[in-house]
Amino acid sequence: MGALKPWHIAILVVVLILLFGAKRLPDAARSLGRSLRIIKAETKSLQDDDRDLAEKADAQAGYQPLPPHGGQPQQAPYQAPPQQPVVDPVHRVRDN
């Protein structure tokens, strides 16, 4: 039960010929083959992209910061300069 038998395939072929016609069937099969080829290429490229990202993530996970050397002075961490309040140009013109 559930197996595809030869007479099922024959009925399917007859229905396809009746629906599409004998002239359009090769073109439809050709376009289906092209579509499947494109889908296969795209899925392969997605898998390659995923593999490349995984390799980059593994490579970056192995990086560790270098320990500070005793002879070199340590630098203070960067601090951004204090920001001035934002003034609307329209208000500045009105005040003058």
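For every chain, the first residue of the written sequence is number 1, and numbering continues from 1 along that sequence. It should be noted that, the model being predicted, local features are given only for residues of pLDDT at least 70 and side-chain atom pairs only at 80 or more, the latter also being counted only at that level, while totals for whole chains, interfaces and linings use all residues. Hydrogen atoms and water are omitted, and side-chain values are computed over all heavy atoms in the structure.

### Details of the overall build of the protein chain
Runs of H or I in DSSP of at least four residues are treated as helices and runs of E of at least two as strands, each being numbered from the N terminus. What the protein chain contains, in helices and strands, is three helices and zero strands. Values of accessible area rely on a 1.4 Å probe in the Shrake-Rupley scheme; residue burial ignores everything except the protein chains shown. Carbon and sulfur atoms form 61% of the exposed surface of the protein chain, whose accessible area is close to 9900 Å².

### Focus on a negative patch on the surface
Exposure above 30% relative accessible area and the lack of any salt bridge qualify a residue for a patch; like charges then connect within 9 Å, and the nonpolar side chains Val, Leu, Ile, Met, Phe, Trp and Tyr within 5 Å. By definition, a salt bridge exists where a carboxyl oxygen of Asp or Glu is found within 4 Å of a side-chain nitrogen of Lys or Arg. Charged residues are defined here as Lys and Arg on the positive side and Asp and Glu on the negative side; His and the ends of the chain fall outside this count. Charge coordinates come from a single atom per side chain, which is NZ of Lys, CZ of Arg, CG of Asp or CD of Glu. On the surface, Asp49, Asp50, Asp52 and Glu55 cluster together into a patch of negative charge. Mapped onto the elements of the fold, Asp52 is located in helix H2 (residues 24-61). Residue burial is assigned from relative accessible area. The probe radius is 1.4 Å, only protein chains are included, and a residue is buried under 20% of its type maximum, exposed over 50%, and partly exposed in between. On the basis of relative accessible area, Asp52 is assigned to the partly exposed category, the value being 39%.

### Some details on helix H1 (residues 6-20)
One less than the residue count of a helix, multiplied by 1.5 Å, gives the span that helix is expected to have. Taking 1.5 Å per residue, 15 residues should reach 21 Å; H1 reaches 21 Å between its end C-alpha atoms and fits that length. Following H1 by one or two positions, Gly21 has its phi on the positive side, about 90°.

### A closer look at a nonpolar patch on the surface
There is a patch of nonpolar side chains on the surface, built from Trp7, Ile11, Leu12, Val15, Leu16, Leu19 and Phe20 and spanning about 700 Å² of accessible area. Within the secondary structure, Trp7 is located in helix H1.

### Quick notes on the confidence of the model for the protein chain
What pLDDT expresses is the predictor's confidence in each residue, scored from 0 to 100. Put simply, the protein chain has an average pLDDT of 78, and 71% of its residues get 70 or more. Of all the helices and strands in the protein chain, helix H3 (residues 89-95) carries the lowest mean pLDDT, 61, while H1 carries the highest, 88.

### Quick word on the pattern of salt bridges
A full pass over the atoms with the stated rule returns two salt bridges. With its nearest N and O atoms 2.9 Å apart, the salt bridge here joins Asp48 to Arg51. With Asp48 and Arg51 both in helix H2 and three residues apart, the pair spans about one turn of that helix. Exposure remark for Arg51: the relative accessible area of 46% places this residue in the partly exposed category.

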